[in-house]
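# Secondary and tertiary structure notes
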Amino acid sequence: MTGEPLVILLVEDNPDHTELVMRGLREHRMANRIYHVSDGEAAQDYLFRRGEYADPQKSPRPNLILLDLRLPKVDGLEVLEEIKRSEHLRRIPVVILTTSDMEEDVAGAYGRHANSYLVKPVDFDKFTRLMDDLGFYWLAWNHSPWLSSVG
Amino acid sequence: MRANRLLLLGCLLAMVALAPFALWAFLAAASDWRWESEAPHSAIEAMGSMAAICVSIVLLHRKREPGGETFFLLGMGFLGMGLLDGLHAVVPPGQRFVFFRSAANVVGGLGFALVWLPQLGKYLSTREPVVWVVGGVCALCGICAILFPEAVPEMVRNGEFAAAAVTMNVLAGVLFLAGGLRLGLGFYRTGRRELWLFSCIAVLFSLSGFAFRGSSLWDAEWWLWHVLRLGAYALVAWYLADRYRQVERELRDLAKFPSENPHPVLRAAADGTVVYANSAAGLLLRVLGCGVDDVLPAGWRKANAGAVRTGTERKMSVEQDGRTISFSGIPVRKAGYVNWHGRDVTEKRQATAERKRLIAELEAKNAELERFAYTISHDLKSPLITIQAFVGQLEQGVQRNDRQRVRADVARIRAAAEKMQQLLDELLELSRIGRVVRPPEAFPLADVAREAVDLLAGVIGQRGVRVEIVAELPVVFADRRGSLMVVQNLVENAVKFMGDQAEPQVEIGARPERDEDSRAVCYVRDNGMGIDRHYQQRIFQIFDQLDRQSDGTGMGLAMVRRIVEVQGGRVWVESEGHGHGCTFCFTLATKAEQDSPAKLQTQEMGP
């Protein structure tokens, strides 16, 4: 692990699930900083540094984006599409983290170049393990090509 | 019927049986009588020849009818006999004179006798050249006999008929009798009167052949058998007249066929002139603005010409008194006209349109169902995950003895469980709206608006919202309870999304003008947060909430839409965007006879 702070952007509209993900990641000290937005529009504002996120200090480039699909205002798939279309953002791994396991959603996400698709497990132990593995895989094991070039 | 046939046959047989006695009596009375006159004889023979050739043409044309081979064979016999008799009529009395007559008799008798062989008749009747061969051979024999008189066998010797002549005529008599017998049997079997007629003709020819035997030129018996033949030709004339009447009647009946057709039929010449129109096409011609002998309008003329040119079918259609008549123009190129056959396709068109509408409706329903399944899988799983996960967290919290966290997690679990229950309740309610349609009734919208405001008095007061009900609201004809739910939901929605409006206001009203279905356009207007154009469609979808922070399940507007659409109305939102307030509009029927609500009534199917 590098000495730089690892940043995760969590896009999740359900406050309970937000709390769960944050607890899960924090307990394993996987990320120094987790930024949370609760709808698609806010996610866009954060990533493209608009509105209240215009100040780069407030919106550091994330090392990982955890994205829910069904979001208020702007749909998760739309956010994903924009990320992958953007020259600056497309290298950031986007992990879909959602309750839906519909084929349409899975295909839609991969069709828009999602890096991974995870379905929130209903079982608590599995949920905990998923958070565990998620952090390790993407932030420890995974080599990131962008750290020096973005931000 | 049978008795009648037997009677007619009996007459025939009696004729044959009595003939020798009649002959004997006749000869006894007029044995010395002689009349040597060429002119009447030639006239009789010429008339006979003409009649034979005429009837042969008619009979040969009947060869394709069922049983036509009989007529074909008779026709062949008449043809040969007619040709040779013609020659007989023009040559002066002598060897050839008698030869032609005898040969004619043999050929004719052969034609009649061959009716015993219908298979042969069938075979010959399908061979076109047979007629020309027989006619040609007869004509050739005649020409040869005229050119080479010495080749003709001896027919007369010392003023008496020679053996050859007598033999030929008696043979002919036998042949005719045989044919007559067969024709008589055919009449007995089938009851066809014309067979009886030809049987009579055959018997007369046969008797004349037998009578030849004892006759000599110009004597009484000689004239007798000529009279018998004349009688036979009289019957032939009768047959021709009868046949003409029958054909004319058939033609007339057939000609009535298109005029009795209840569907319009037109016939147009290649240049587009209407040459025939049945009575059912009268209305069409009025619509097209032309009559029989007039030229069709330009579009039709073009299609007509195209059909003639290409030889393929063309289609046209006409709207007439709200009905659609489709015409197909079938060209008959050889005759150079087009037959236009009309068919009323109104019902078919309506059925097609109805089918399309139903398919679209079904597809929409299917899509809605899919979305429903999707949202259920997502939105019902969400609180379940929360409950499960926080129960796990709770265990950890208890182990660590972190009381504060335990309390917070229990609150989350309870909230999630409550949310789930609320979701399930509303899902049930939503499905009930689709299943149960209450009969519509007439009521003043103002009453429902007041009721809704009373029901919401709590939240309205709590948020300090001023709700105004416009004075002039229409009397609508709709599901009253459903309408109350619509107004209540919309007002509640307006109150909930007031944002930071200092003077929150809600107005319930109706637009003065009606929509295209002449339904009343009612509205609930607020000066709250407003909705971006981008989201104005999405908000009516089930569970779709623009703001997750707000309470509620996101089912209110879905329910509103369902209630309004089930009654055949529409619902939409108008907003200038964020911060400009918004107006929710929905339409309700105002009169009883105004279609859907009454028709949509169904039985209540469940609780």
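Note that this is a predicted model, so its numbers are computed, not measured. Note on numbering: residues in each chain are counted from 1, in written sequence order. Chain labels run from A onward and ligand labels from 1 onward, assigned in the order the entries are written. Totals for whole chains, interfaces and linings use every residue, but because this is a predicted model, local features are given only for residues with pLDDT of at least 70 and side-chain atom pairs only at 80 or more, for both listing and counting. Only hydrogens and water are removed before side-chain values are computed, so all heavy atoms of the structure are retained for them.

### As for the overall build of chain B
Of regular secondary structure, chain B possesses 19 helices and 14 strands. Looking at chain B as a whole, 45% of its 607 residues qualify as buried. Nonlocal contacts in chain B, meaning residues at least 24 apart in sequence, comprise 68% of its contacts between residues at least 6 apart. Each accessible area is a Shrake-Rupley result for a 1.4 Å probe, and residues are judged covered by the shown protein chains and nothing else. Within the structure as shown, chain B displays about 31700 Å² of accessible surface, and the carbon and sulfur contribution to it stands at 60%. Only runs of H or I of at least four residues qualify as helices and only runs of E of at least two qualify as strands under DSSP, and these elements are numbered from the N terminus. Between buried and exposed lies partly exposed: a residue is buried under 20% and exposed over 50% of the maximum accessible area for its type, with that area taken using a 1.4 Å probe on protein chains only. Note on definitions: a residue-residue contact is assigned when non-hydrogen atoms from the two residues lie within 4.5 Å.

### Some remarks on the pattern of salt bridges
Opposite charge on two side chains makes pairing possible when the charged atoms of those side chains draw close. Salt bridges are defined by distance alone: a side-chain nitrogen of Lys or Arg within 4 Å of a carboxyl oxygen of Asp or Glu. Following the criterion strictly, the structure yields 36 salt bridges over all chains and no others. Between E65 of chain B and R62 of chain B there is a salt bridge, with its nearest N and O atoms 2.8 Å apart. By relative accessible area, E65 of chain B is classed as partly exposed at 26%. The salt bridge partner of R157 of chain B is E154 of chain B, with a shortest N-O separation of 2.7 Å. A relative accessible area of 40% means that E154 of chain B is categorised as partly exposed. What you see here is one network of salt bridges that share partners, running through D16, E19 and R23 of chain A together with R405, D409 and R412 of chain B.

### Focus: the interface of chain B and chain A
With 31 residues of chain B at the contact, the number on the chain A side is 32 residues. Throughout, buried area stands for the accessible area (probe radius 1.4 Å) lost by two parts on being put together, summed over both. A combined buried area of about 2800 Å² lies between chain B and chain A, and 49% of that area is made up of carbon and sulfur atoms. On inspection of chain B and its partner chain A, the count reaches three salt bridges. With a shortest N-O distance of 3.9 Å, E19 of chain A and R412 of chain B are connected by a salt bridge. Those elements that place two or more of their residues in the side of chain B that touches chain A are α12 (346-379), α13 (381-400) and α14 (403-435) of chain B. Examining the composition of the side of chain B that touches chain A, we find that 12 residues originate from one element, α13 of chain B, more than from any other. Per-class residue counts for the side of chain B that touches chain A are nine nonpolar, 11 polar and 11 charged. Gly counts as polar in this scheme, as do all residues outside two lists: the nonpolar Ala, Val, Leu, Ile, Met, Phe, Trp, Tyr, Cys and Pro, and the charged Asp, Glu, Lys and Arg.

### What about the environment of A43 of chain A?
Within the fold, A43 of chain A resides in helix α2 (residues 40-47). Sequence separation between A43 of chain A and L80 of chain A is 37 residues; the distance between their C-alpha atoms is 9.9 Å.

### Regarding the sheet that holds strand β7 (residues 337-344) of chain B
All names here are of chain B. Spatially, β4-β3-β7-β6-β5 is the arrangement adopted by the five strands of the open sheet, whose pairing is antiparallel. Strands with a single pairing partner mark the edges of an open sheet, and in this sheet they are β4 (274-277) and β5 (314-320). On average, each strand axis in the sheet is inclined to that of its neighbour by 25 degrees, with strand direction left out of account. Alignment of β5 against strand β6 (residues 323-332), held across seven bridges, turns out to be antiparallel. Note on pairing: two strands pair once DSSP finds at least 2 bridges between them. Orientation is described by lines fitted to C-alpha atoms, with helices fitted over the stretch in contact, and by angles between N-to-C directions that extend from 0 to 180 degrees.

### Things to note about the packing of α12 of chain B against α13 of chain B
Residues and elements named next belong to chain B. Remark: α12 packs on α13, axes separated minimally by 4 Å, with the N-to-C direction vectors making an angle of 10 degrees. The angle between the axes of α12 and α13 places the two elements in the roughly parallel class. The residues of α13 that touch α12, namely those facing I376, S377, H378 and D379, are K381, S382 and P383. Looking at side-chain class alone, the contact of α12 with α13 contains two nonpolar, three polar and two charged residues. Should an angle fall under 35 degrees it is called roughly parallel, over 145 degrees roughly antiparallel, and 65 to 115 degrees roughly perpendicular, with every other angle called oblique.

### Some points on the environment of Q501 of chain B
Residue and element names in this part refer to chain B. Mapped onto the elements of the fold, Q501 is located in the loop between α17 (480-496) and β11 (505-514). Spatially, the C-alpha atom of Q501 lies 8.9 Å from that of G579, the residues being 78 residues apart in sequence. Any pair of nitrogen or oxygen atoms within 3.5 Å is treated as a polar contact; in protein, a donor-acceptor pairing is required on top of that, and neighbouring residues in sequence qualify only through side-chain atoms on both sides. A polar atom in the side chain of Q501 sits 3.3 Å from the backbone nitrogen of E503.

### Points about the nonpolar core
Note on soluble globular proteins: their nonpolar side chains tend to be buried together. In terms of nonpolar packing, the biggest core is built from 103 residues, with I65, L66, L67 and I96 of chain A together with F584 and F586 of chain B touching the most fellow members. With eight residues, the single largest contributor to this core is α17 of chain B. Once you skip the residues sitting within four places of it in the chain, L66 of chain A turns out to touch I8, L9, L10, V11, V21, L25, V95 and L134 of chain A. Put simply, a nonpolar core is a bunch of buried Ala, Val, Leu, Ile, Met, Phe, Trp, Tyr and Cys residues held in one set by side-chain atoms that sit within 4.5 Å of each other.

### Some words on the sheet that holds strand β12 (residues 520-526) of chain B
All names here are of chain B. Read from one edge to the other, the open sheet built from five strands follows the order β9-β11-β12-β14-β13, with strand pairing classed as mixed. The open sheet has two edge strands with one neighbour each: β9 (466-469) and β13 (571-575). Mean inter-strand twist for the sheet, computed between neighbouring axes without regard to direction, equals 25 degrees. Sheet topology note: the β11/β12 ladder contains six bridges and is antiparallel. By the bridge assignment, V506 is partnered in β12 with D526.

### Overview of the packing of aromatic side chains
All names here are of chain B. Pairing of aromatic rings covers Phe, Tyr and Trp, the last through its six-membered ring, and needs centres within 6.5 Å; plane angles under 30 degrees mean stacked, over 60 mean edge-to-face, and all others mean tilted. The full count for this structure, using the stated rule, is 22 aromatic pairs over all chains. Put simply, the rings of W35, F161, F212, W218, W222, W223 and W225 touch in pairs and so form one group of aromatic residues. We note R62 situated over the ring of F71; from NZ or CZ to the ring centre the distance is 4.0 Å. Note on geometry: a ring has a charge over it if NZ (lysine) or CZ (arginine) is within 6 Å of the ring centre and within 35 degrees of the ring normal. The ring of Y337 carries the charged tip of R267 above its face, separated from the ring centre by 4.0 Å.

### Points about the side chain of D219 of chain B
All names here are of chain B. Take D219: it is sitting in the loop between α8 (193-212) and α9 (220-259). Note that His is not counted, nor are the chain ends; the positive residues are Lys and Arg, and the negative ones are Asp and Glu. Among buried Asp, Glu, Lys and Arg side chains, D219 stands out as unpaired, with R34 the closest opposite charge at 6.1 Å. With residues near it in sequence (within four places) discarded, D219 still touches W33, R34 and G214.

### Structural notes on the side chain of N493 of chain B
Residue position: N493 of chain B is located in helix α17. Setting aside anything within four residues of it in sequence, one finds N493 of chain B in contact with L557 and F584 of chain B.

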